[in-house]
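Each chain, written out:
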Amino acid sequence: MGVPFEALIPYGIMVAMFGISGAGLSKVRHMQNGGKRARHSVDQWDRQMMDRDRRLTGYLRGQTDKPDAPAGFELNNPWRCEKRYT
């Protein structure tokens, strides 16, 4: 005895919704990375360079080819220091 096609419709709907949500999540991650593919195995050096690129360009994955830093970058120090007691 065969399976009536009405029983397969909910499974088709579930597969379609999982596919749509997966594709949407992939697109959101792609847009958050500035149109670039996701990074894997990011170590401390990569995080430091990504923070520097964010401070230079305003984007986490942004890079620039300008030899000079923008105005105000000399005051944009990533090191957090405590206030000195006098």
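Read on for an overview of the structure. (Residues numbered from 1 in each chain as written. Predicted model: local features only at pLDDT ≥ 70, side-chain atom pairs only at ≥ 80, totals over all residues. Heavy atoms only, no water.)

1. Topic: the overall build of the protein
Here is the rule we go by: Per the convention used, a helix needs a DSSP run of H or I reaching at least four residues, while a strand needs a run of E reaching at least two, with both numbered from the N terminus. What the globule rule says is 2.2 Å times the number of residues to the power 0.38, and the radius of gyration is computed from C-alpha atoms. A 1.4 Å probe rolled over the protein chains alone gives each residue an accessible area, and that area as a share of the maximum for its type sets the label: buried under 20%, exposed over 50%, partly exposed in between. The Shrake-Rupley method, run with a 1.4 Å probe sphere, supplies the accessible areas, and residue values consider only the shown protein chains as cover.
In terms of regular secondary structure, the protein is built from 2 helices and 0 strands. Taken over C-alpha atoms, the radius of gyration comes to 24 Å for the protein, far larger than the 12 Å a tight globule of 86 residues would show. With respect to the principal axes defined by its C-alpha atoms, the protein has extents near 85 × 35 × 20 Å. Counting every position in the protein, which comprises 86 residues, the buried fraction comes to 8%. Accessible surface for the protein amounts to roughly 8,300 Å². Of this, 60% is attributable to carbon and sulfur atoms.

2. Remarks on helix α2 (residues 44–57)
For the record, the criterion: By this rule the span expected of a helix is its residue count minus one, scaled by 1.5 Å.
Between its first and last C-alpha, α2 extends 20 Å over 14 residues, near the 20 Å set by a 1.5 Å rise per residue. Of all the positions in α2, only Met50, Asp53 and Arg55 are classed as buried. Directly after α2, the chain includes Gly58, whose backbone phi takes a positive value near 95°.

3. Notes on unusual backbone geometry
A negative phi angle characterises most non-glycine residues, just as the trans form characterises most peptide bonds. If you check the backbone angles, Ser41 has positive phi at about 55° while not being a glycine. In this fold, Ser41 is placed in the loop between α1 (9–32) and α2. The class for Ser41 is exposed, based on a relative accessible area of 72%.

4. Brief notes about the pattern of salt bridges
Our working rule: Whenever Lys or Arg places a side-chain nitrogen within 4 Å of a carboxyl oxygen from Asp or Glu, that contact is recorded as a salt bridge.
On inspection of all chains with the given rule, the structure shows 3 salt bridges. The partner of Arg54 in a salt bridge is Asp51, with the nearest N and O atoms 2.6 Å apart. Here Asp51 and Arg54 lie together in helix α2, a separation of 3 residues that amounts to about one turn. The partner of Arg52 in a salt bridge is Asp53, and the shortest N-O contact between them spans 2.9 Å.

5. A few points about the side chain of Arg61
The condition is simple: Here a polar contact means two N or O atoms within 3.5 Å. Within protein one must be a hydrogen donor candidate and the other an acceptor candidate, and residues neighboring in sequence count only if both atoms are side-chain atoms. Contact between two residues is taken to exist if any of their heavy atoms lie within 4.5 Å; hydrogens are not considered.
Take Arg61: it is sitting in the segment after α2. Of note is the side chain of Arg61, whose polar atom sits 2.9 Å from the backbone oxygen of Arg37. Ignoring anything within four residues of it in the chain, the contact list for Arg61 reads Asn33, Lys36, Arg37, Ala38 and Arg39.

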